[in-house]
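Here are the chains, one letter per residue:
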Amino acid sequence: MTPTPEITTHESEDELAEAVAARLVLRLVEIQGTGRVPSVVLTGGSIADRIHRAVAAFSASPSASAQGAVGWSQVDFWFGDERFVPADHEDRNAGQAARAMLDRLPVDPERVHEMPASDGEYGDDLGAAADAYAQEVRTHGSGEFDVVMLGVGPDGHVASLFPGLPHLGVEDTVAVAVRDSPKPPPERVSLTFPALERAREVWFVVAGADKAGAVRRALDPGADVHEIPASRPKGRDRTLWFLDEQAAQEL
Ligand code: 6PG
């Protein structure tokens with residue numbers, strides 16, 4: 001049976017970001033302590049950006065316990081979704097994560113698994129880009145992510161799985177091409193539900209009053225995934241919801 005979601009509420013966005021960052025660092029240290037290379041799926045969005053900055057700040061802290069706590073070159077980073085734009089476009093989730101966190105840590109670039117850009121190897125062939133990423137996930141490592149982080153939109157979307165779109169029903173592959181995202185830009189690549197659920201832990205990270213309705217609906221046991229995609233992803237071991245007070249106000 002899937003464990004019940006665990007919810008923690010934080011006073012502000014900054015407190016939420018710091019709590020998630022500290023927990024991520026701790027989780028990575030624990031996993032590395034068992035001799036495994038942890039794998040983390042990153043998300044885009046504004047709260048993710050704060051979390052990424054908090055991770056980088058923590059790691060730059062003068063405290064001896066913080067420094068070197070994580071072996072950053074031994075962590076695999078993946079992306080839950082990506083905007084299909086040129087590699088240097090400011091909309092790229094990978095670029096955002098690089099500026100806020102990855103470029104500021106001694107990560108191994110070979111372990112940062114970016115989704116293809118629209119000016120890369122596959123050109124503007126969005127389908128080929130999605131297939132290539134699916135293949136990369138399939139051929140890599142243990143087949144299971146340790147932590148999948150997911151922001152939630154006011155409409156209840158996660159990654160680029162938007163309410164009402166047909167790719168919500170895709171069960172037989174890891175990544176899909178999204179051509180009609182209601183949130184710009186319209187063309188994206190997204191992991192599918194089955195891929196997001198190859199996770200030991202799923203962490204929802206949600207801040208702001210505009211998300212309160214989506215959070216309430218996603219946590220309703222009777223939620224319809226086609227209306228509220230955030231209701232579906234569950235971690236095999238744990239599903240955590242990190243909220244600020246505004247996002248939690250309808251619970
Ligand atoms: C994207 C994001 C998206 C995001 C949510 C929440 O590519 O648009 O991955 O799924 O996580 O929309 O974003 P905010 O934290 O900015 O509200």
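These notes cover the structure that comes with them.

Cut-offs applied
Residues numbered from 1 in each chain as written. Predicted model: local features only at pLDDT ≥ 70, side-chain atom pairs only at ≥ 80, totals over all residues. Heavy atoms only, no water. Helix = DSSP H or I, 4+ residues; strand = E, 2+ residues; numbered from the N terminus. Expected span 1.5 Å × (residues − 1). Contact = heavy atoms within 4.5 Å. Near = heavy atom within 4 Å. Polar contact = N/O pair within 3.5 Å; in protein donor to acceptor, adjacent residues only side chain to side chain. Areas by Shrake-Rupley, 256 points an atom, 1.4 Å probe, with all protein chains shown as cover. Nonpolar A, V, L, I, M, F, W, Y, C, P; charged D, E, K, R; others polar. Pairing = 2+ DSSP bridges. Axes fitted to C-alpha atoms, helices over the stretch in contact; angles between N-to-C directions. Parallel < 35°, antiparallel > 145°, perpendicular 65-115°, else oblique. Left-handed = near helix turned anticlockwise from the far one by under 90°. Salt bridge = Lys/Arg side-chain N within 4 Å of Asp/Glu carboxyl O. Buried < 20%, exposed > 50% of the residue type's maximum accessible area, 1.4 Å probe, protein only. Phe/Tyr/Trp six-rings, centres within 6.5 Å; stacked < 30°, edge-to-face > 60°.

### Some details on helix H1 (residues 13-33)
Relative to the 30 Å expected for 21 residues at 1.5 Å per residue, H1 spans 30 Å between its end C-alpha atoms, a close match to the ideal helical length. Looking at the buried residues of H1, the elements they touch are strand S1 (6-10), strand S2 (39-42), helix H2 (46-59), strand S5 (145-150), strand S8 (199-206) and strand S9 (238-244). One or two residues past the end of H1 sits Gly 35, with phi positive at roughly 90 degrees.

### Description of the site of the ligand
Neighbouring residues of the ligand: 15 residues in total, closest Ser 46, Asp 81, Arg 83, Lys 183 and Lys 211. At a separation of 3.4 Å, an oxygen atom of the ligand approaches a polar backbone atom of Ile 47. Asn 93 places a polar side-chain atom, nitrogen or oxygen, 3.2 Å from an oxygen atom of the ligand. Summarising the interface, the protein chains cover 92% of the accessible area of the ligand, which totals 420 Å² for the free molecule. Those elements that provide at least two residues to the shell around the ligand are H2 and strand S4 (81-83). Residues that form the shell around the ligand fall into these classes: 3 nonpolar, 7 polar and 5 charged.

### Thoughts on the sheet that holds S4
Strands sit in the order S4-S7-S6 across an open sheet of 3 strands; the sheet is antiparallel. Strands at the two margins of the open sheet, each flanked by one partner only, are S4 and strand S6 (175-178). Going from strand to strand, the sheet's axes swing by 15 degrees on average, the running direction of each strand aside. The pairing of S6 with strand S7 (residues 188-191) spans 4 bridges and is antiparallel. Residue pairing across strands places Val 178 opposite Arg 188, the latter belonging to S7. Sitting on the sheet, helix H4 (residues 126-139) is in contact with S6 and S7, with an inclination near 160 degrees to S6.

### Description of the sheet that holds S9
Taken in spatial order, the 6 strands line up as S1-S9-S8-S5-S2-S3 in an open sheet, and their pairing is parallel. Looking at strand neighbours, the two that pair on one side only are S1 and strand S3 (76-79), the edges of this open sheet. The average angle at which neighbouring strand axes cross in this sheet is 20 degrees, direction not considered. Bridging between S8 and S9 involves 6 bridges; their strand directions are parallel. Following the sheet pairing, Trp 203 is matched in S9 by Leu 240.

### Brief notes about the packing of H2 against helix H3 (residues 93-100)
Viewed as axis vectors pointing N to C, H2 and H3 meet at an angle of 30 degrees, and their least axial separation amounts to 8 Å. By the angle class used here, H2 and H3 are roughly parallel. Where H2 crosses over H3, the two elements pack in a sense that is right-handed. Listed contacts from H3 to Ala 48, Asp 49, His 52, Arg 53 and Ala 56 of H2 are Gln 96, Ala 97 and Ala 100. The residue inventory of the contact of H2 with H3, partitioned by class, reads 4 nonpolar, 2 polar and 2 charged.

### Describing the pattern of salt bridges
Counted according to the given criterion, the structure contains 17 salt bridges. Linking Arg 53 and Asp 49 is a salt bridge whose minimum nitrogen-to-oxygen distance equals 3.2 Å. Of the two residues, Arg 53 and Asp 49 are both situated in helix H2; the distance of 4 residues between them amounts to about one turn of the helix. The exposure class assigned to Arg 53 is partly exposed, which follows from its relative accessible area of 39%.

### Comments concerning the packing of aromatic side chains
Tallied over the full model, the rule gives 5 aromatic pairs. Pairing Phe 204 with Trp 241 gives two aromatic rings, centres 3.9 Å apart and planes at 15 degrees, and the pair type is stacked. Residue Phe 204 is found in strand S8, and its partner Trp 241 is found in strand S9; the two are separated by 37 residues along the sequence. Assigned by exposure class, Phe 204 and Trp 241 land together as buried. Through a chain of ring-to-ring contacts, the aromatic side chains of Trp 78, Tyr 133 and Phe 145 assemble into a single cluster.

### Overview of H4
Its 14 residues give H4 an end-to-end C-alpha distance of 20 Å, which sits within 8% of 20 Å, the value for a rise of 1.5 Å per residue. Restricting attention to buried positions, one finds in H4 the residues Leu 126, Gly 127, Ala 129, Ala 130, Ala 132, Tyr 133, Ala 134 and Val 137. Two or three places before Gly 127, at the opening of H4, Asp 125 has a side-chain oxygen 3.3 Å from that residue's backbone nitrogen.

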